[in-house]
Amino acid sequence: FPLVCQVPLAAMATVSVTFVVECSCTEHGEEVYVVGSHKRLGAWDPNEALRCTTSAERFPRWTSGPVNLPNGSRSEFKMVIRGPGGKKWEHGQNRLLEVSVPNKEARMSVNCCWGQPGFNEDGDRVGELPGDFRRASSGGSERDGPLTRMMETGSSMNRRGSRHLCKTRNGAVNEEMSRTPSLLLVDFRQFHESAVEHEKELDAIEERAKLNRLQRKMKSTQLIERMAKITDTVDPSKMVMLQGFNWESWRAGGGDFYSAVGKKVQLFHEMGFTDLWLPPCSQSVAPQGYLPSQLFNLDGSKYGSQQALEDLLEKCHKNGIRCLADIVINHRCGDRQDAQGRWNQFSSGMQNRPSFSGVADWGGWAVTLGDQYSDGSGMHGPGHFDGRFDAAPDIDHRNPKVQESISIWLRWLRLQVGFDGWRFDFVKGYGAEFVGKYCSKSHPAWAVGELWTDMHYDCHGLCYDQNKHRQQLVDWINATGKKSSAFDFTTKGILQEACRLTQFWRLRDREGKPPGLIGWLPQYAVTFIDNHDTGSTQRHWPFPDDKVLIGYAYILTHPGIPSVFWDHIMDWGDEPKKKISALMKARRESGIPVDAPVNIQCADDTLYLAEIGSPPGLRVALGPRPAGQPDMNYWTNGPSGHGWRVWVKRTASSTKYTSLTASPEATPIGSPRGRAKREEALGLGPDMLTADTLKIMDAPQLQKLKERLQALLNATEMALAHRKANGYR
């Protein structure tokens, strides 16, 4: 302990100590307690801790009753919040209280702020423990201390095989000691690295709580700078996202869908998901959440309470999974009418943070001019390219007050609730530059936007060339300042058409690349098969049900950031779940980057064959035609299913790889666009030469094949005759 100046102590044995705690992060029904090493502070038992009280006038200041502590004593302590939802311990090192009062005084007051060390008003020191002390393990709470939490998350200390046999002096086995993990078998280098990493995580949690408390008292520029330091740095090459809900999820879990998802978090971790996209969390006129009203009122959501949501996010974080909030800000439903009966009066729903008073409390001035809900007091009409949404008031994002309110709300979702990133809904309804601005003001780990526009069709159906469609995605991403990625609707549309009609020639563009956004800007492309709009019970634009796994075999082996839909792993049975999990494992083992090059070797009606990576890490074949067997000195068999097959590079292969498979042009046989026939010979192996293969070949191709086979047959007969003439077997 640090040295303390010697001060004459009072003759009395005890000093009356009062604690005053500044704490604004309590919820309704929760109270602040002081717990510490002295028995009058509960001896680290939170159930025996010293209770603090507050009032509407004094909040967020909490004051304890006086407690008598020995004069000249030293006690460690910290704060804990108790309530219906359990206990929340203050993170950080234990505080050190030194009771040293001159003989003319009999009282002392200890002032401190939740999460921050400091000094009280009377100058009595409320310090930290020296650096060699660690956060306390505090009696059974799941938020106890770093060692406890490290043991829970599988640190190097948690090794079931680390056991030793202990004996007493008389030679008998000490069973209790023998059941204890042996520190002699611990890899202390690994243990130290785990401890350092865990300390960083706790520091980030403490900083987040501090910024949440101070965000309305700090300049936004300073706040954003500090938020940037605690934001998780993502690696797109390692990301696979799960959409963690469908259109009917609000009905699940008896009104507590968040807790139902929480029970599946371990499964998501084991499957390898890095990110979880959750439904809109604010109170909404529609139960699905896409007609939001009171933005800060999370208890009004049909998916569960704010506390249940925060618990889910914390559980995800402990399992290494980031969480994305569904941000619906194109429109907003008023909760009151104006004098003319228009629903354009908005309240925030914030009740327990006085410093947020007025934030997101809007009137008709926040609605775009010309909208049916506008009262004419707004500043701007809709943008030239803004899409219409008639079900709710269209919000004017060019209004500075709207921008400030949404930025504060997003920072609150980051700092208070614990979200890591954003999924922006219906972004064709407002300018992409505002998505960039909101990302700059809230500093998410990453973001993705839903820009769903019409693809191009002609009298034959979906056009082969969709460059204009994917150019819209590229333009939108660039307009955000590349602050956000985008869902690759181009790839979805082309892929599901190729699978539905068995037209795999669609999967190679005129430049020989993938035809979607992943062919142009893969590091900003989020690929998917279906979502709550295109699939689920709405089925606005569904992927063919019997071809879904072929679709996943494509997006989970190709560039971009893949996204898996809830229904396909939670509602379709074990087989699709196992196949998708196997594909995710193959992607991880291959180590392909998010922008991996794609060598498309064949793309015709019945076969798509490609190798991904440089050198290749994955090889995938789609379609009814067999693709043949590759060089198995380089490849190993990966997952497969009806109409698809994957190979994975051998991890310890010393073979220098050279592709031996012919690369025919992507000319569909008999395609509606009548493209030119292939001219070079087909690289058909024995497994590929079947009756079905012969049926799809035209007369010139069959003639070439006949000539090749005839020459091969003649050479075989000559070799056989030579062997017989020379007496060889």
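Values in this document were obtained by computation on a predicted structure and should not be read as measured data.

K.L.:
Before we move on, could you go through the packing of helix 11 (residues 489-501) against helix 12 (residues 548-555) and cite the residues and values that matter?
P.N.:
Relative orientation of the contacting elements helix 11 and helix 12 amounts to 130°, with a least axis distance of 10 Å. It follows that helix 11 is oblique to helix 12 by the angle criterion. Considering how the two elements wind past one another, helix 11 and helix 12 form a crossing that is right-handed. Contacts between helix 11 and helix 12 involve Thr491, Leu495 and Cys499 from the first element and Ile550, Gly551, Tyr554 and Ile555 from the second. Residues that form the contact of helix 11 with helix 12 fall into these classes: 5 nonpolar, 2 polar and no charged.

K.L.:
Kindly report on the packing of helix 4 (residues 220-229) against helix 8 (residues 400-417), identifying the contributing residues and their values.
P.N.:
At their nearest, the axes of helix 4 and helix 8 sit 13 Å apart, and the two run at 40° to each other. Overall, the two elements helix 4 and helix 8 adopt an arrangement that is oblique. For the element pair helix 4 and helix 8, the recorded crossing hand is left-handed. Contact with helix 4, carried on its side by Ser220, Leu223, Ile224 and Met227, involves Arg411, Arg414 and Leu415 of helix 8 and no other residues of that element. Looking at the contact of helix 4 with helix 8 residue by residue, the classes come out as 4 nonpolar, 1 polar and 2 charged.

K.L.:
Which residues make up the packing of aromatic side chains, and what are the values?
P.N.:
Under the counting rule described, the total for this entry stands at 22 aromatic pairs. Ring centres 5.0 Å apart and planes at 65° place the aromatic pair Phe296 and Trp412 in the edge-to-face group. One end of the pair, Phe296, is in the loop between strand 13 (275-277) and helix 7 (306-318); the other, Trp412, is in helix 8, and 116 residues separate them in sequence. Note on accessibility: Phe296 and Trp412 belong to one class, buried. Three or more aromatic residues joined by ring pairs make a cluster, and in this case those are Phe245, Trp277, Trp452, Phe487, Phe489, Phe528 and Trp541. Across the ring face of Tyr33, the terminal group of Arg82 is positioned such that the distance to the ring centre comes to 4.0 Å. Just above the ring of Trp365 sits the side chain of Lys401; from NZ or CZ to the centre is 5.3 Å.

K.L.:
Describe the sheet that holds strand 25 (residues 635-641), with residues and values.
P.N.:
Read across the sheet, 5 strands follow the order 22-23-24-26-25 without closing on themselves; strand pairing throughout is antiparallel. Looking along the sheet, the strands with just one partner apiece sit at the ends: strand 22 (598-603) and strand 25. Across the sheet, the mean angle separating the axes of adjacent strands is 15° when strand polarity is ignored. Where strand 25 meets strand 26 (residues 644-649), 5 bridges bridge the pair, whose relative direction is antiparallel. For Asn637, the partnering residue across the bridge sits in strand 26 and is Trp647. Sitting on the sheet, helix 12 touches strand 23 (608-612), strand 24 (618-622) and strand 26, and the angle it makes with strand 24 is about 150°.

K.L.:
Outline the confidence of the model for the protein chain, supporting the account with residue identities and numerical values.
P.N.:
Summarising the model, the protein chain shows a mean pLDDT of 84, and 81% of its residues fall at 70 or more. Taken together, the stretch residues 1-11 has pLDDT below 50 and engages in 27 contacts with residues farther than four places along the chain or on a different chain. Segment residues 119-163 is flagged for pLDDT under 50; beyond a separation of four residues in sequence, or across chains, it makes 117 contacts in the model.

K.L.:
I'd love a proper account of the environment of Val526, names of residues and values included.
P.N.:
Examined against the element boundaries, Val526 turns out to sit in strand 20 (residues 525-528). Between the alpha carbons of Val526 and Met239 there is a distance of 10.0 Å; along the sequence they are 287 residues apart.

K.L.:
Run through the pairing of strand 9 (residues 107-113), naming residues and quoting values.
P.N.:
Successive residues of a regular strand alternate their side chains across the two faces of the sheet. Of all 7 residues in strand 9, 5 are buried; the element is thus mostly enclosed. Relative to strand 9, strand 1 (residues 14-22) runs parallel, the two being bridged by 7 bridges. Of the residues in strand 9, the one forming a bridge with Thr18 is Ser109.

K.L.:
Before we move on, can you summarise the environment of Val448 with the specific residues and values?
P.N.:
Along the chain, the position of Val448 falls in strand 16 (residues 447-449). For Val448, a relative accessible area of 0% puts it in the buried group. Once residues within four sequence positions are removed from consideration, Val448 is found in contact with Leu324, Trp422, Arg423, Phe424, Ser484, Ser485, Ala486, Phe487 and Val526.

K.L.:
So what's going on with helix 12? Residues and values would help.
P.N.:
Summarising burial for helix 12: 7 of the 8 residues are buried, a large majority. Taken together, the buried positions of helix 12 are Val548, Ile550, Gly551, Tyr552, Ala553, Tyr554 and Ile555.

K.L.:
Talk me through the sheet that holds strand 19 (residues 485-487); I want residue IDs and the actual numbers.
P.N.:
Spatially, the 8 strands close up into a barrel ordered 12-13-14-15-16-19-20-21, and their pairing is parallel. Geometrically, the sheet is characterised by an average inter-axis angle of 25° between neighbouring strands, direction not taken into account. Pairing of strand 12 (residues 241-243) with strand 13, which is carried by 3 bridges, proceeds in the parallel orientation. Residue pairing across strands places Gln243 opposite Trp277, the latter belonging to strand 13.

K.L.:
Please set out the nonpolar core residue by residue, giving values where relevant.
P.N.:
Of all hydrophobic cores here, the largest spans 124 residues; its most connected members are Leu413, Phe419 and Tyr608. It is helix 8 that provides the largest number of residues to this core, a total of 8 residues. Excluding anything up to four places from it in sequence, Tyr608 contacts Phe504, Leu507, Tyr554, His558, Val598, Ile600, Cys602, Ala603, Val620, Ala621 and Leu622. In this structure, Cys23, Phe77, Cys112 and Trp114 belong to the second largest nonpolar core, which totals 23 residues.

What counts, and where the lines are drawn
- Residues numbered from 1 in each chain as written.
- Predicted model: local features only at pLDDT ≥ 70, side-chain atom pairs only at ≥ 80, totals over all residues.
- Heavy atoms only, no water.
- Axes fitted to C-alpha atoms, helices over the stretch in contact; angles between N-to-C directions.
- Helix = DSSP H or I, 4+ residues; strand = E, 2+ residues; numbered from the N terminus.
- Parallel < 35°, antiparallel > 145°, perpendicular 65-115°, else oblique.
- Left-handed = near helix turned anticlockwise from the far one by under 90°.
- Contact = heavy atoms within 4.5 Å.
- Nonpolar A, V, L, I, M, F, W, Y, C, P; charged D, E, K, R; others polar.
- Phe/Tyr/Trp six-rings, centres within 6.5 Å; stacked < 30°, edge-to-face > 60°.
- Buried < 20%, exposed > 50% of the residue type's maximum accessible area, 1.4 Å probe, protein only.
- Lys NZ or Arg CZ within 6 Å of the ring centre and 35° of its normal.
- Pairing = 2+ DSSP bridges.
- pLDDT = per-residue confidence, 0-100.
- Core = buried A, V, L, I, M, F, W, Y, C linked by side-chain atoms within 4.5 Å.

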